[in-house]
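# A structural walkthrough
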Amino acid sequence: TFGRLVAMRPDDDAPLLRLAEVQRALKDTSRALATVEKAVAAASNSIEAHRTRALILAELGRRADAFAASRTLQKHIPTHPAGHILEGEVAFGFKDFAAAETALRKAVAQRKSLETVGALHATLERIGKRGEAAALADRWIIENPKDVSFKMLLGQQALAERDHKRAIELYRSVVAQQPRNAVAWNNLAWAAMQQGDTQAREFAEK
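A short tour of the structure in this document, coming up. What you see is a predicted model; the values in this text were computed from it and never measured.

### Section: helix H5 (residues 63-76)
Look at H5: 20 Å from first C-alpha to last across 14 residues, which is about the 20 Å you get at 1.5 Å a residue. Buried within H5 are the following residues: Ala 66, Phe 67, Ala 69, Ser 70, Leu 73 and Gln 74. The arc that holds every buried residue of H5, seen down its axis, measures 150 degrees, which confines them to one face. Those residues of H5 that are exposed and aimed more than 90 degrees away from the buried face are Ala 64 and Lys 75.

### Here we look at the packing of aromatic side chains
Taken as a whole and assessed by the stated rule, the structure comprises 4 aromatic pairs. A ring pair is formed by Trp 140 and Phe 150, whose centres lie 6.2 Å apart and whose planes are at 65 degrees; its orientation type is edge-to-face. Taken together, the residues Trp 140 in helix H9 (residues 130-143) and Phe 150 in helix H10 (residues 149-160) connect sequence positions 10 residues apart. What makes Phe 150 buried here is its relative accessible area of 0%.

### With respect to a nonpolar patch on the surface
Side chains of Phe 2, Val 22 and Leu 26 sit close together on the surface and give an oily, nonpolar patch of about 260 Å² of accessible area. Tracing the backbone shows Phe 2 in helix H1 (residues 2-8).

Definitions and limits used
Residues numbered from 1 in each chain as written. Predicted model: local features only at pLDDT ≥ 70, side-chain atom pairs only at ≥ 80, totals over all residues. Heavy atoms only, no water. Helix = DSSP H or I, 4+ residues; strand = E, 2+ residues; numbered from the N terminus. Expected span 1.5 Å × (residues − 1). Buried < 20%, exposed > 50% of the residue type's maximum accessible area, 1.4 Å probe, protein only. Arc of directions from axis to C-beta. Phe/Tyr/Trp six-rings, centres within 6.5 Å; stacked < 30°, edge-to-face > 60°. Patch = residues over 30% accessible without salt bridge, like charges linked within 9 Å, V, L, I, M, F, W, Y side chains within 5 Å. Areas by Shrake-Rupley, 256 points an atom, 1.4 Å probe, with all protein chains shown as cover. Salt bridge = Lys/Arg side-chain N within 4 Å of Asp/Glu carboxyl O.

Shown next as structure tokens:
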């Protein structure tokens, strides 16, 4: 189906990217790379196209080419942190944790946002720098008191790590700001239940 769409719209990167996804799912990685190269040529400023290209190159074990692909994105959109985020993702995939951290710190320096801070925080957590990760999260929350998105992200991480006490703290803060946030109430109820908290049912009902 996507092949027919590509034939109808050969200069449109969207069908090419969907076709590449299917080829990757079928483990036809070489063909997926050829397809995504066409997508990059059709839309040189497409973040998704460059990201897909870099990740496919990484899957093929072409380390230098994967890093080069991330830096190409940096050159094409120098004012957007996506290139540095991609470089961090590629580096992490190759277990080059120092390079991943450096790239993501550049992304944060370029644009401090939920996306960049969230990516750096997740990486610091995964490489064992939990103190730095916590400090980064605390700074973001202090500087952005009305933003609950990062708290929701941290809550999900806390649940995944079975840190239910931390999850409860985060989700309580979210529902205090957004009393009609059903996802936050649900997750708060789950975390509370794991802690044997008698308020779990009340949270679930809310």
